[in-house]
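Commentary on secondary and tertiary structure
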Amino acid sequence: MKRPISAAILLLGLVACGSYGPAPTAVQEFEYLPGLRPTASVLAYGASAGDSVNVQFENPGAVLYSFSPCLRRLERLNGGIWVDQFGSGVDCAQQLVVVPAGGSTLRRFDIPATAPAGQYRYRFPMAAPTGAALSVVTGQFEVQ
């Protein structure tokens, strides 16, 4: 008697053979569900070097996302191009921030005292338990 091949075994065989191509890496940006991706907003437009700003994270989707504040980037607008001004490791404590499905969270981040005046934004690499990864960027704000 012949036994039918289960879909799981067939799928496993296809993945093992590389039929689906390489797996996405954490560096690649992946939009999990258009319109349902998390957002981040700086709650004050202006700040001074050495100040702290509040960032509100909203997640309208049905999947929770998380990120490490250690991986955030503070980018400065320079000649029309966003440049990584202060990368990971700046004012960093090892932790994981969770933005719950359908929820929000508020976090405070310091602007380095050495930050020159200009337009800035934060970039946060995020991940979902499904393996989806994306980069969430705040709107720009001014550092004086």
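About the cut-offs
Residues numbered from 1 in each chain as written. Predicted model: local features only at pLDDT ≥ 70, side-chain atom pairs only at ≥ 80, totals over all residues. Heavy atoms only, no water. Helix = DSSP H or I, 4+ residues; strand = E, 2+ residues; numbered from the N terminus. Buried < 20%, exposed > 50% of the residue type's maximum accessible area, 1.4 Å probe, protein only. Contact = heavy atoms within 4.5 Å. Areas by Shrake-Rupley, 256 points an atom, 1.4 Å probe, with all protein chains shown as cover. Pairing = 2+ DSSP bridges. Axes fitted to C-alpha atoms, helices over the stretch in contact; angles between N-to-C directions. pLDDT = per-residue confidence, 0-100.

This paragraph deals with the overall build of the protein chain. Across its full length, the protein chain carries 1 helix and 11 strands. Element order for the protein chain, N to C, with α for helix and β for strand: α-β-β-β-β-β-β-β-β-β-β-β. Within the protein chain, the fraction of its 144 residues that count as buried is 33%. Here the analysis covers contacts within the protein chain between residues at least 6 apart in sequence; of these, 67% occur between residues at least 24 apart. For the protein chain, the exposed area adds up to about 8,600 Å²; of that, 58% sits on carbon and sulfur atoms.

A word on the sheet that holds strand 8 (residues 104-110). With antiparallel pairing, the 3 strands of this open sheet are ordered in space as 1-3-8. Across the chains shown, the open sheet's two edge strands, defined by having one partner strand only, are strand 1 (39-42) and strand 8. Direction aside, neighbouring strands of the sheet carry axes that sit 25° apart on average. Looking at chain direction, strand 1 and strand 3 (residues 52-58) are connected through 4 bridges and run antiparallel. Counterpart to Ala-40 in the pairing with strand 3 is Phe-57.

Before going further, it helps to examine the side chain of Ser-66. One can find Ser-66 in strand 4 (residues 65-67). Contact partners of Ser-66, with chain neighbours within four places excluded, come to Leu-96, Val-97, Val-98, Pro-125, Met-126 and Ala-127.

Right, let's get into the confidence of the model for the protein chain. Mean pLDDT over the protein chain stands at 76; residues scoring 70 or higher make up 70%. The least confident element of the protein chain is helix 1 (residues 7-16), whose mean pLDDT is 32; the most confident is strand 3, at 95. When the criterion is pLDDT under 50, residues 1-33 qualifies, and its contacts beyond four places in sequence or with other chains add up to 21 contacts.

This part takes up the pairing of strand 9 (residues 118-127). In terms of burial, strand 9 is a largely internal element, 8 of the 10 residues being buried. Of the pairings in the sheet, the one linking strand 5 (residues 73-78) to strand 9 comprises 4 bridges and is antiparallel in character. Across the sheet, residue Arg-73 finds its bridge partner in strand 9, namely Arg-123. Pairing between strand 9 and strand 11 (residues 141-143): 3 bridges, direction antiparallel. Among the inter-strand pairings, Gln-119 is bridged to a residue of strand 11, identified as Glu-142. Across 5 bridges, strand 9 lies against strand 10 (residues 133-137) in antiparallel orientation.

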